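Breakdown of the fold
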Amino acid sequence: MGDSQTWTAAPSAAEHARSVLAASWSCAVTAEGGREEFVGAHTVAEDGRVTLDVPADSTLVAAAICAPRGEPSAVLEFADVAPVPVRSRIRARLWIAGWFVPVDGRLEFTTTRVVLRRPSGAVVVDLDEFAAAAPDPLATAEARLLTHLADCHPDAVERLTRLVDADSLHGAVRVQPLAVDRHGLTLRIERARAHGDVRLPFHAPADDVAQLTERMHVLLTQASAASCPRALQRQRTDRDG
């Protein structure tokens, strides 16, 4: 990555995992009967328990019927995909291991292990922390917020680069909003052959979209008062010439 910017005020692993689970629309399930992909088939309880509503001809249903005690082991996989087109769009992967129990025509999942893989590496999430954590309040709105920022306010994104250390912008050819949560905004800085991410923390957590708007205005005000990084100035000069 090569960027020196420090990540601060970020969600915990358990909160991040719950946010991935809350925002994901699809999941892949690997069980004794093989691997299947489902779209819009899972629901999540307040404590993170997952229930699947799958077709009657699904191999998971057959596995649940044929498995000892009717509890087939399985692994659920969820991908956290950046809504804005960038390189390496998968920001994180979440794996939940456990077993299914058929209940009233649906498959209820009992979790035994949770693993979250981020660019910094994989971490095993404590089950009690996972159950107690709440998803980020902006998780389900993030895709809409980021695509609006990238498509309608590219000037604001460029202005925010004034808050980024000049070394992190060296060789930059494009900057895009990669992620946002209640604690801050992450920018993806793309270079000719590499990329890096920079975190811009908010001065206080944002618990809803209205508060997020205020936090973004504060960042933009700070950026307006900052000078344009030399690295970005060189980039503009090269591009204009």
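In this report, the structure presented in the accompanying data block is examined. Keep in mind that what you see is a predicted model, and the values were worked out from it rather than measured.

Now for the overall build of the protein. For the protein, the helix and strand inventory stands at seven helices and 11 strands. Taken as a whole, the protein presents about 12400 Å² of accessible surface, with 52% of it coming from carbon and sulfur.

A word on unusual backbone geometry. The backbone of Ser-88 sits at a positive phi, close to 50°, despite the residue not being glycine. Of note, Ser-88 is situated in the loop between strand S5 (73–81) and strand S6 (90–103).

In this fold, Val-20 is placed in helix H1 (residues 13–23). Under the relative-accessibility criterion, Val-20 is labelled buried at 3%. Taking C-alpha positions, Val-20 is 7.4 Å from Ala-79, a pair spaced 59 residues apart along the chain.

Okay, the sheet that holds strand S10 (residues 184–191) next. The strand order S9-S10-S11 describes an open sheet built from three strands, whose pairing is antiparallel. Edge positions in the sheet fall to strand S9 (172–181) and strand S11 (195–201), since each has one partner strand and no second. Taken over all neighbouring pairs, the strand axes of this sheet differ in orientation by 25° on average, direction set aside. Bridge count for S9 against S10 is eight bridges, and the pairing is antiparallel. Counterpart to Val-175 in the pairing with S10 is Ile-189. Running over the sheet, helix H4 (residues 142–152) touches S9 and S10 and is turned about 150° from S9.

Looking at the secondary structure, you find Thr-161 in the loop between helix H5 (154–160) and S9. For Thr-161, the side chain forms a polar contact with the main-chain oxygen of Glu-158, separated by 2.4 Å.

When you tally the buried positions in H1, you get eight out of 11 residues, the bulk of the element. Here H1 has its buried residues at Ala-13, Ala-14, His-16, Ala-17, Arg-18, Ser-19, Val-20 and Leu-21.

Structurally, His-183 is set in the loop between S9 and S10. In contact with His-183, not counting residues within four places along its chain, are Ala-9, Ala-10, Pro-11, Arg-199, Pro-201, Phe-202 and Pro-205.

Judged by nonpolar contacts, the single largest core of 30 residues is most densely connected at Leu-160, Leu-185, Leu-187, Leu-212 and Met-216. If one sorts the elements of this core by residue count, S9 sits on top with five residues. Residues contacting Leu-160, with those up to four places away along its chain left out, are Leu-185, Leu-187, Leu-200, Met-216, Leu-219, Leu-220 and Ala-223. Leu-52, Ile-96, Phe-100 and Ala-133 belong to the second-largest nonpolar core, a separate cluster that totals 29 residues.

Moving on, we come to helix H6 (residues 209–225). End to end, H6 covers 24 Å across 17 residues, agreeing with the expected 24 Å (1.5 Å per residue, within 8%). Within the span of H6, buried status applies to Leu-212, Arg-215, Met-216, Leu-219, Leu-220 and Ala-223. Seen along its axis, H6 keeps its buried residues to an arc of 140°; they face one direction. Opposite the buried face of H6, by more than 90 degrees, sit the exposed residues Ala-210, Thr-221 and Ala-225. Capping the start of H6 is the job of one residue whose side-chain oxygen sits 3.2 Å from the backbone nitrogen of Ala-210: Asp-208.

The rules behind each value
- Residues numbered from 1 in each chain as written.
- Predicted model: local features only at pLDDT ≥ 70, side-chain atom pairs only at ≥ 80, totals over all residues.
- Heavy atoms only, no water.
- Helix = DSSP H or I, 4+ residues; strand = E, 2+ residues; numbered from the N terminus.
- Areas by Shrake-Rupley, 256 points an atom, 1.4 Å probe, with all protein chains shown as cover.
- Buried < 20%, exposed > 50% of the residue type's maximum accessible area, 1.4 Å probe, protein only.
- Pairing = 2+ DSSP bridges.
- Axes fitted to C-alpha atoms, helices over the stretch in contact; angles between N-to-C directions.
- Contact = heavy atoms within 4.5 Å.
- Polar contact = N/O pair within 3.5 Å; in protein donor to acceptor, adjacent residues only side chain to side chain.
- Core = buried A, V, L, I, M, F, W, Y, C linked by side-chain atoms within 4.5 Å.
- Expected span 1.5 Å × (residues − 1).
- Arc of directions from axis to C-beta.

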